[in-house]
Amino acid sequence: MKRTAIYPGTFDPVTNGHIDIITRGLKLFDKIIVTILENPAKKTLFTTQKRVELLEESLKDVGNIEIAAYGGLLVDYAIKREAQAILRGMRAVSDFEYEFQMALMNRKLNREVQTVFLMTGLRWIFTSSSIIKEAVQFGGDIESMVPPVVYAELKKKYNLCPDENS
Ligand code: COA
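Residues numbered from 1 in each chain as written. Predicted model: local features only at pLDDT ≥ 70, side-chain atom pairs only at ≥ 80, totals over all residues. Heavy atoms only, no water.

For the rest of this paragraph, the subject is the pattern of salt bridges. Taken as a whole, this structure holds 11 salt bridges when the rule is applied. Notably, a salt bridge pairs Lys50 with Glu153, separated by 3.6 Å at the nearest N-O pair. Here Glu153 lies in helix α6 (residues 148-157) and Lys50 lies in helix α2 (residues 48-58), a separation of 103 residues in the sequence. Between Glu66 and Arg81 there is a salt bridge, and its shortest N-O distance comes to 2.9 Å. With Glu66 in strand β3 (residues 65-69) and Arg81 in the loop between α3 (74-80) and β4 (85-90), the pair connects residues that are 15 residues apart, well separated along the chain. Owing to a relative accessible area of 24%, Glu66 belongs among the partly exposed residues under this scheme. With relative accessibility at 25%, the residue Arg81 sits in the partly exposed group. (Salt bridge = Lys/Arg side-chain N within 4 Å of Asp/Glu carboxyl O. Helix = DSSP H or I, 4+ residues; strand = E, 2+ residues; numbered from the N terminus. Buried < 20%, exposed > 50% of the residue type's maximum accessible area, 1.4 Å probe, protein only.)

Lining the immediate surroundings of the ligand are 25 residues, of which Thr10, Lys42, Tyr98, Ser129 and Ser130 lie closest. At 3.4 Å, a backbone N or O of Thr127 approaches a nitrogen atom of the ligand. Ser130 places a polar side-chain atom, nitrogen or oxygen, 2.3 Å from an oxygen atom of the ligand. If the ligand stood free it would expose 940 Å²; the protein chains cover 87% of that surface. Taking a 2 Å distance to the grid points as the criterion, the majority of the atoms of the ligand fall inside the largest pocket. Those elements giving two or more residues to the shell around the ligand turn out to be β1 (4-9), α1 (16-25), α4 (93-109) and α5 (129-137). Here the shell around the ligand gets 4 residues from one element, more than from any other, and that element is α4. (Near = heavy atom within 4 Å. Polar contact = N/O pair within 3.5 Å; in protein donor to acceptor, adjacent residues only side chain to side chain. Areas by Shrake-Rupley, 256 points an atom, 1.4 Å probe, with all protein chains shown as cover. 1 Å grid on protein atoms, 1.4 Å probe; cavity = no way out; pocket = protein on both sides within 12 Å on 5 of 7 lines; lining within 4 Å. Sits in = over half its atoms within 2 Å of the grid points.)

Once that is clear, we can look at the sheet that holds β3. In spatial order, the strands read β3-β2-β1-β4-β5; together these 5 strands make up an open sheet with parallel pairing. Each edge of the open sheet carries a strand with a single partner, namely β3 and β5 (114-119). Here the strands of the sheet are splayed against their neighbours by 30° on average, with no regard to which way each runs. Pairing geometry for β1 and strand β2 (residues 31-36), over 6 bridges, is parallel. (Pairing = 2+ DSSP bridges. Axes fitted to C-alpha atoms, helices over the stretch in contact; angles between N-to-C directions.)

Let us now look at unusual backbone geometry. Of note, the amide linkage connecting Asp12 to Pro13 takes the cis form, showing an omega dihedral of 0°. In this fold, Pro13 is placed in the loop between β1 and α1. Of note in the backbone geometry, Asn64 takes a positive phi value of approximately 60° without being a glycine. Topologically, Asn64 is positioned in the loop between α2 and β3.

So, in structure tokens, the structure goes:
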């Protein structure tokens, strides 16, 4: 049987911490469907289309993955795609309560889909999409924390590109 996992998130934008979970997850699963879902509590910087493009470009050299976006319940999408598992990264104890609640809710909604947690790599334990967006806005050097295409896009968004005419 082919083992498939959904790796869900907002990915606004994808960071190296997410990539780390995906590449390590591929050691456990035959295929990972990286899926942008809606977290109603979040207002995003990038459109869904742009987030899909950034994921596609960032993961273009990684095999056995698919990028998708879905507007409904995560467990419904997992069933639709015949995935056995939901893959989530856990960064620190502070993530635990939220992740625990979400995993239990997903289990309540559908017992067929299991949630699997991987510890986020130590290098990325302090990162998040929001903290990276905040740092870059004020000129912080975040180049090593995101894929090159995301770095370029963030600089563009915050008008940090050097003026070519000057
Ligand atoms: N490295 C670095 N940062 C990481 C990370 C990692 N490995 N894993 C997560 N993060 C960060 C993300 O960048 C994000 O940062 P931000 O809050 O600053 O944007 C944060 O941790 C958590 O985000 P994410 O993993 O994207 O989760 P989320 O809480 O935004 O997403 C959904 C939650 C979208 C999966 C959830 O709302 C969902 O399933 N929605 C669909 C509807 C549904 O089924 N709801 C019921 C669920 S119980």
